[in-house]
Amino acid sequence: MLTTPAAPAVAATCPGANPCPYSTVSILGQRAEGVFRFPQAVAVSPNGDVYVADQFSFVVQRFSSTGAFISELGSEGSGRGSFGGIGGLAFDGAGNLYVVDSAHARIEKFSPAGELITTWGSAGSAVGQFDFGAGGRTNADPAGGGIAVSGDFVFVADTRNDRIQRFGLDGSGAMAWGSRGSGPGQLAHPEGVAVAHGSVYVADDDNHRIERFSTDGTFQAQTGSKGSGPGQLAFPYDVAVDGAGNIYVADNNNHRIERFGADLSYQGQWGGFGPQPGQLEYPRGLTVDGSGNVYVADTANNRIQQFAGDGGLVRYWGQSGRSPGNFTAPHGVATDPSGSLYVADSIDNRLEIFDPAGLLQGTRGPGGTSAGALSYPLGLSIAPDFSLYVTDRDNSRVQHFDPNGAFLNRLGASRNLDAPAGVSTDAAGRVWVADTGDNRVLLFAPDGTRLGAFGARGADGSAGSGPGQFNRPGSVATDPAGNAYVADTANDRVQELSPTGAVLRSWGTRGTADGRFHSPEGIALDRSGDVYVVDRVNHRVQVFDSQGHFLFKWGGRGSGDGQFVNPTGITADCRGSVYVSDTANNRIQRFSFASPPPPACVAPHTKAPPPPAPRAPTVRISVARRAGILARRGITLVVTCDEPCRVRLGARLTVPGSRTIRLAAVRRTLPAGIAGHLRLRLRFSGLTALRRALGSRRTIPVTVLGRAVGPTGVARTITRRLTLRR
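Further remarks concern the overall build of the chain. In terms of regular secondary structure, the chain is built from two helices and 58 strands. On C-alpha atoms alone, the chain measures out to a radius of gyration of 28 Å, which is about the 27 Å that the 2.2 N^0.38 rule sets for 726 residues. Across its three principal axes, the chain shows a C-alpha extent of roughly 90 × 65 × 50 Å. Residues classed as buried in the chain amount to 59% of the 726 residues present. In the chain, 48% of the contacts between residues at least 6 apart in sequence involve partners at least 24 apart. Within the structure as shown, the chain displays about 27300 Å² of accessible surface, and the carbon and sulfur contribution to it stands at 49%. Computing the positive centroid from 70 side-chain charges and the negative centroid from 60, the chain places the two 13 Å apart.

Set out below in structure tokens:
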């Protein structure tokens, strides 16, 4: 498996460091720019741009109405203008954007230029407070809270408080209605809300219905019941209303959109479970623009789909954060003796493996509880024999794999580990484990026999802050002498242990000054014995000598090169480069130094396979709409290549017994895996001839012709036969 290598290295600008300790930085993984990680909020601005937010990217992405990425807003965090999981988006008439920051139980309001205007709300059940659940911190508990704006009011679905709250545009004047129940006007986990034509529509999720209220909370009507039949619903997640009063519902567990009339009568549906264009998997957000187009957050497919009001597919866009080479909250990183990089892609329950050039070589998983399966992997360590140890946090175990990925054994039988986070192998092959939930460090022999336990204050695994005690240790690294360096995370320090577990030294206290930490998470040693510490909440890397003396640092909060948001993992490779898992930015950063030590890499454990023979790209072609070729005076093709490609496509329309009409070819350059739209136009003379040739016929045979050329220069000739309606 090969993918595009890491983004080209750029000259260092070195945030947080003077002088600059490294010379270049390169990036693995894509933070945003059309990559989605469970999108579930979508809104259209007054100028027609489409705004999308998801659970794990922690930004609001802005696109043109045709899906072209424009910009992004925000980053992960609890500060003003930052976000956790986002549950809803809405605009007022002036173009101000309102964001439901579900993870932090608040609403944030931004100007059309993206400047924060105000924020309101806090966690609780009083009027003006919110409870959106876990706020999208896990796949199983998505971000709650829908939002709508109409006139001078903001309406919020306060999900876990089972109510709707109404505010002024500045968050003042809060009032609420609703209570837990299934009777008329009661609510059970409302998720979506829309306002139109003087009424408020609520997606009453756990009651499997849509309720309609006046804007002051008076119950008016309802529709829906639990089921999969026409007009029935299964956990409806969002609702939208068009200018004619038609109501559209994201019927989450039925994987479809249902449409109701202004009188709440059932009118139709579209979708169905699947990944194909027009199909849906757990749609959790939708909105309608001024032209009646319906934009759907196709959550589990990690894309946005645009439909006409009758369900006809117009276009779709988005790349999955689970796609090869991307990450969702990457944690541990490790390099093998040949310089290949292993990444613990935690939320995606897999490992990704890259060669020294940044090309993806493969993935390991899958998610699960069986031997070899992973559930939130965090720490990685590669032994001198190329075997791999993985801390499998949610399965409370450490798994051991051979160099080819075959499962060997596990550490942690009888669940004697609690959410382990870090692992390291020493020169003797012994395995050190940061047993985070038990506040201790464990030592195992290569065969899995436990040799020692260090640090817990009591037999119950309680935390301690004395010498040799730990509080949520997050990572461990070893030196050639067998000493272990432990990131004692909640004690804001590093402790060094001898091969027998005796405390040799300790350094660090909470703070922001050099040598101080706030939740140190990752730790690694380079070949000279210097200690690199990921100082997570300070968003930086600090470097010390083996005695704990501060040497230098770099970083700072942000998404630029050399900046971090909640970094967690770090490793140094055999060439002297350092990799940092920039967790909340969903990427890995690689730092190269101006005067690295001589490389000490060895040959890969197994002979690398020969590079694949140059091949032509695989091309998928569909049409945005199968009907209306005459009215639209052309055809819009939806084209996707499995690798970057240049396409040239034309078409011919053949009416049996009559002439052939050609549509001029169009050229486009497309990125890998992202759909492009090619508009083939009918000239006026061709349109007239086609009308005459068709007569009363309703269908038109179409042949799409062209070619696609991939990065290797190999071309694929394309011939697709379609049948369209006039």
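Next comes the rest of the description.
Moving on, we come to the pattern of salt bridges. Evaluated as defined, the whole model comprises 27 salt bridges. In this structure, Lys553 engages Asp514 in a salt bridge whose closest nitrogen and oxygen atoms are separated by 2.8 Å. With Lys553 in strand β48 (residues 550-555) and Asp514 in the loop between β44 (503-507) and β45 (520-525), this pair connects stretches of sequence that are 39 residues apart. With its nearest N and O atoms 3.2 Å apart, the salt bridge here joins Glu521 to Arg536. Of this pair, Glu521 sits in strand β45 while Arg536 sits in the loop between β46 (531-535) and β47 (540-544), placing them 15 residues apart in sequence. Residue class for Glu521 comes out buried when judged on its relative accessible area of 18%. Linked through salt bridges whose partners overlap, the residues forming this network are Arg322, Asp345, Asp348, Arg350 and Glu352.

This part takes up the state of the cysteines. Under the counting rule described, the total for this entry stands at two disulfides. Paired through a disulfide, Cys14 and Cys20 show a sulfur-sulfur distance of 1.4 Å. Residue class for Cys14 comes out buried when judged on its relative accessible area of 5%.

Along any regular strand the residues' side chains alternate between the sheet's two faces. Most of strand β31 (residues 350-354) sits out of view: five of its five residues are buried. Burial of β31 is two-sided: the residues Arg350, Glu352 and Phe354 facing one way and the residues Leu351 and Ile353 facing the other way are all buried. Where strand β30 (residues 341-345) lies against β31, five bridges are found, and the strand directions are antiparallel. For Ala344, the partnering residue across the bridge sits in β31 and is Leu351. Remark: four residues form the turn of the hairpin made by β30 and β31, two consecutive strands paired antiparallel; Asn349 in that turn has positive phi of roughly 55°. As defined by bridge partners, β31 adjoins strand β32 (residues 360-364) across four bridges and the pair is classed as antiparallel.

Ranked by size, the top nonpolar core spans 33 residues in total, and within it Ile635, Leu637, Val639, Leu653, Leu690 and Val702 carry the most contacts. Aside from chain neighbours lying at most four places away, what touches Leu637 is Ile621, Ser622, Val623, Leu649, Gly676, His677, Leu678, Leu680 and Val704. The next biggest cluster of nonpolar side chains, apart from the first, holds 17 residues, and it includes Tyr532, Val534, Phe564 and Phe591.

The strand order across the open sheet built from four strands is β4-β5-β6-β7, with neighbouring strands paired in antiparallel fashion. Sheet topology places β4 (39-44) and β7 (69-73) at the edges, where each strand pairs with a single neighbour. Strand-to-strand twist across the sheet, computed as the mean angle between neighbouring axes with direction ignored, equals 25°. Relative to strand β5 (residues 50-54), β4 runs antiparallel, the two sharing five bridges. The partner of Val44 across the bridge, within β5, is Val50.

For helix α2 (residues 684-694), every residue scored as buried is listed here: Gly686, Leu687, Ala689, Leu690, Ala693 and Leu694. Buried residues along α2 cover an arc of 165° about the axis, so they all sit on one side. Turned more than 90 degrees off the buried face of α2, the exposed positions are Phe684, Ser685 and Arg692. Taken together, the buried residues of α2 touch α1 (629-632), β54 (645-654), β55 (660-670) and β57 (699-709). Where α2 terminates, the next one or two residues include Gly695, which has phi positive at roughly 60°.

What follows is about the sheet that holds β48. Pairing within the open sheet is antiparallel, and its four strands lie in the order β45-β46-β47-β48. Each of the sheet's edge strands pairs with one partner strand only, and the pair in question is β45 and β48. Geometrically, the sheet is characterised by an average inter-axis angle of 20° between neighbouring strands, direction not taken into account. Of the strand pairs in this sheet, β46 and β47 are connected by five bridges, and their pairing is antiparallel. Its bridge partner lying in β47, Asp535 is registered against Arg540.

In this section: unusual backbone geometry. Backbone geometry follows two general trends: most residues other than glycine have a negative phi, and most peptide bonds adopt the trans configuration. A cis amide bond links Asn18 to the next residue, Pro19, at an omega of 5°. Along the chain, the position of Pro19 falls in the loop between β1 (10-11) and β2 (24-28). Following Gly365, the chain continues to Pro366 via a peptide bond in cis, the omega torsion being -5°. Inspection of the secondary structure puts Pro366 in the loop between β32 and β33 (377-382). In the Ramachandran plot, Ser396 falls in the positive-phi region, its phi being about 50° despite a non-glycine side chain. Mapping Ser396 onto the fold places it in the loop between β34 (388-392) and β35 (397-401).

This part covers the side chain of Asn395. Positionally, Asn395 belongs in the loop between β34 and β35. Residue classification places Asn395 among the buried residues on the basis of a relative accessible area of 9%. Of the polar contacts made by the side chain of Asn395, one reaches the side chain of Asp392; its length is 2.8 Å.

About the criteria used
- Residues numbered from 1 in each chain as written.
- Predicted model: local features only at pLDDT ≥ 70, side-chain atom pairs only at ≥ 80, totals over all residues.
- Heavy atoms only, no water.
- Helix = DSSP H or I, 4+ residues; strand = E, 2+ residues; numbered from the N terminus.
- Rg over C-alpha atoms; globule rule 2.2 N^0.38 Å.
- Buried < 20%, exposed > 50% of the residue type's maximum accessible area, 1.4 Å probe, protein only.
- Contact = heavy atoms within 4.5 Å.
- Areas by Shrake-Rupley, 256 points an atom, 1.4 Å probe, with all protein chains shown as cover.
- Lys, Arg positive; Asp, Glu negative; His and termini not counted.
- Charge placed at Lys NZ, Arg CZ, Asp CG, Glu CD.
- Salt bridge = Lys/Arg side-chain N within 4 Å of Asp/Glu carboxyl O.
- Disulfide = S-S within 2.5 Å.
- Pairing = 2+ DSSP bridges.
- Core = buried A, V, L, I, M, F, W, Y, C linked by side-chain atoms within 4.5 Å.
- Axes fitted to C-alpha atoms, helices over the stretch in contact; angles between N-to-C directions.
- Arc of directions from axis to C-beta.
- Polar contact = N/O pair within 3.5 Å; in protein donor to acceptor, adjacent residues only side chain to side chain.

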